[in-house]
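The chain contents come next:
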Amino acid sequence: MKAGVFIQTNHKQITGAVVAEHALRRYSSNNDKFDVTIMDMRDYPFFAEHEGREYLRDGVHRVWLNDDLQSFTPTRFLPPQLMGYEGRAVVIDPDIFAAADIWELLSRDMHGKAIMCRMRSGPKGLVDKCMASSVMLLDCAKLTHWDPETTFRRMFTFEQDYQPWICLKDEPRDSIDFFEAEWNDFDKFTTDTKMLHTTRRRTQPWKTGLPTDWRPAERFRLFPPAAWILRARRKLFGEYAFLGNYKQHPDPNQERFFFGLLKECLAEGKISETFLREEMEKNHVRHDAFEVLERTPDLPPAPTHPLAGLSRAA
């Protein structure tokens, strides 16, 4: 079976993407059965073409900024096309780190569905019924209608809203099934976690202390005045005004897991010290990263779950 894992990223999250690739390979005993591709949105010119233009997001006109932390998200619809609409693909965000063999997901029975994922948490899932496209298992042959560049361009003619696209609401509901939450564990790290998603942007472990460089949503159905305030803030003071800094992750084990993986990337030459220092200078990686690495314990050898070692070190 033709199979691939695709990690979406931009220039701001490239360190996370390299660490994510390392984790995928580290915990798989089936590495000869699938490829891993990092999809850097800078490699797709249609993003740069739309810099500074207005697009439709959740019914609101926003300005497209390639420098935003999450400007890569439309690339998650590229894998079927990149696979020639054949075989299986898993696509993940650059802040998702495997703790189990990804082949278990790639090779599972999809029961004839085109997509497998999980629901979003919080109001996005409960109220908006938004599906989490941050991790998807895809049967590429069933997704020949996916043409992400065309769909992306339609956001700027206001024919396509970003939010239903990213929430998979434009897909036939009977083409989607769900896998276990452990394959996309939202800031929850237990011995059952198969892929940890550090999804709360404000507490991503490698960003602690840096200025916030992501833009909050501007639609809150449960309390609309919050959206009005955020919209006024943006229009009066700028995209990132008053958003503060990244905070430390509340779970030290998640920080240790990430930095344990990063430590291995440095030791194996997947990331150089020079590259990491450059990323720190660009405010893409926290400024005390090397101090954190010095106090980070080694991870237990695979396939032992990382939490087994981290718990003892806590």
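A quick note: this is a predicted structure, and the numbers were derived from the prediction, not measured. (Residues numbered from 1 in each chain as written. Predicted model: local features only at pLDDT ≥ 70, side-chain atom pairs only at ≥ 80, totals over all residues. Heavy atoms only, no water.)

Visitor: For this particular structure, what's the right way to read the overall build of the protein?
Guide: Regarding its fold elements, the protein presents 12 helices and 11 strands. The buried share of the protein, taken over its 314 residues, is 56%. Looking at the protein alone, contacts between residues at least 24 apart form 76% of all its contacts between residues at least 6 apart. By element, 52% of the accessible surface of the protein is carried by carbon and sulfur atoms, the whole surface being about 13400 Å². (Helix = DSSP H or I, 4+ residues; strand = E, 2+ residues; numbered from the N terminus. Buried < 20%, exposed > 50% of the residue type's maximum accessible area, 1.4 Å probe, protein only. Contact = heavy atoms within 4.5 Å. Areas by Shrake-Rupley, 256 points an atom, 1.4 Å probe, with all protein chains shown as cover.)

Visitor: What's the story with unusual backbone geometry in this structure? I'm lost.
Guide: Glycine aside, a negative phi is what most residues show, and trans is what most peptide bonds show. The linkage connecting A302 with the following residue, P303, adopts the cis geometry, with an omega of 10 degrees. Of note, P303 is situated in the loop between α11 (289-294) and α12 (306-313). Residue D58 is not a glycine yet carries a positive backbone phi of 55 degrees. Topologically, D58 is positioned in the loop between β3 (54-57) and β4 (60-63). Accessibility expressed as a relative area gives 9% for D58, which makes it buried.

Visitor: Would you explain the state of the cysteines in this entry?
Guide: Should the sulfur atoms of two cysteines be covalently bonded, the bond is a disulfide. Per the stated rule, a full pass over the model turns up 1 disulfide. With a sulfur-sulfur separation of 1.9 Å, C130 is cross-linked through a disulfide to C167. Sign of the S-S torsion, about -85 degrees for the bond between C130 and C167, identifies this disulfide as left-handed. Of this pair, C130 sits in the loop between α5 (122-126) and β8 (131-139) while C167 sits in the loop between α7 (162-166) and β9 (176-178), and the two are 37 residues apart along the sequence. Free cysteine: C117, not disulfide-bonded; nearest cysteine sulfur from C130 at 9.2 Å. Judged by its relative accessible area of 0%, C117 is buried. (Disulfide = S-S within 2.5 Å.)

Visitor: Mind showing me how you'd approach the side chain of T9 here?
Guide: Take T9: it is sitting in strand β1 (residues 3-9). A polar atom in the side chain of T9 sits 3.1 Å from the backbone oxygen of Q13. When sequence neighbours within four positions are dropped, the list of residues in contact with T9 reads I14, A17, I38, M39, D40, M41, F72 and P94. (Polar contact = N/O pair within 3.5 Å; in protein donor to acceptor, adjacent residues only side chain to side chain.)

Visitor: Just to check I follow, could you spell out the confidence of the model for the protein for this structure?
Guide: On average, residues of the protein score 90 in pLDDT, and 87% of them are at 70 or above. Of the regions scoring below 50 in pLDDT, residues 226-230 engages in 8 contacts with residues more than four places distant in sequence or in other chains. (pLDDT = per-residue confidence, 0-100.)

Visitor: Could you clarify how one ought to interpret the nonpolar core in this entry?
Guide: Soluble globular proteins tend to bury their nonpolar side chains together. Formed by 48 residues in total, the largest nonpolar core has its most connected members in I92, F97, I102, L105, M195 and F257. If near-sequence neighbours (up to four positions away) are discounted, L105 is found in contact with V90, V135, L137, F179, W183 and M195. In terms of nonpolar packing, the next biggest core, distinct from the first, is built from 33 residues, M41, L138, F156 and C167 among them. (Core = buried A, V, L, I, M, F, W, Y, C linked by side-chain atoms within 4.5 Å.)

Visitor: I keep staring at the sheet that holds strand β7 (residues 115-119) and nothing clicks. Help me out?
Guide: Sheets are built from strands that pair by backbone hydrogen bonding, the pairs being arranged parallel or antiparallel. If you walk across this open sheet you meet the 6 strands as β2-β1-β5-β8-β7-β9, and the pairing is mixed. Single-partner strands in this sheet number two, and they are β2 (35-40) and β9. Strand after strand, the sheet turns through a mean of 30 degrees between neighbouring axes, direction not considered. Bridge count for β1 against strand β5 (residues 88-92) is 5 bridges, and the pairing is parallel. The residue of β5 that forms the bridge with A3 is R88. Where helix α1 (residues 14-26) meets the sheet, its contacts fall on β1, β2 and β5, and the angle it forms with β2 comes to roughly 170 degrees. (Pairing = 2+ DSSP bridges. Axes fitted to C-alpha atoms, helices over the stretch in contact; angles between N-to-C directions.)

Visitor: Explain the packing of α1 against helix α9 (residues 252-267) here, please?
Guide: Helix packing for two helices is described by the angle between their axes and how far apart those axes are. Relative orientation of the contacting elements α1 and α9 amounts to 85 degrees, with a least axis distance of 9 Å. On the basis of the axis angle, α1 is roughly perpendicular to α9. Contacts from T15, G16, V18, V19, H22, A23 and R26 in α1 reach F258, L261, L262, E264 and C265 in α9. In the contact of α1 with α9, the residues fall into 7 nonpolar, 3 polar and 2 charged. (Parallel < 35°, antiparallel > 145°, perpendicular 65-115°, else oblique. Nonpolar A, V, L, I, M, F, W, Y, C, P; charged D, E, K, R; others polar.)

Visitor: Help me understand the sheet that holds strand β6 (residues 96-98), please; the structure alone is not making it clear to me.
Guide: Spatial ordering of the open sheet is given by β6-β11-β10, a layout of 3 strands whose pairing is mixed. Because the sheet does not close on itself, it has two edges, and the strands there are β6 and β10 (185-186). Strand direction decides the pairing type here: β10 and strand β11 (residues 195-197), joined by 2 bridges, are parallel. Opposite D185, over in β11, you have L196 as the bridge partner. Relative to the sheet, α9 contacts β6 and β11, its axis offset from that of β6 by approximately 75 degrees.

Visitor: Is there a simple way to think about the pairing of β2 in this case?
Guide: Within a regular beta strand, the side chains point alternately toward one face of the sheet and then the other, so they alternate between its two faces. When β1 meets β2, the two strands line up parallel, connected through 6 bridges. Residue F6 lies in a different strand from β2, and its bridge partner there is T37. Handedness of the β1-α1-β2 crossover: right-handed. (Right-handed = clockwise from strand over helix to strand, strands pointing away.)

Visitor: Would you take a moment to explain the side chain of H50 for this structure?
Guide: Summarising the element assignment, H50 is placed in the loop between α2 (45-49) and β3. Overall, the relative accessible area of 2% leaves H50 in the buried class. Those residues in contact with H50 that lie beyond four places of it in its chain are W64, F152, R153 and F156.

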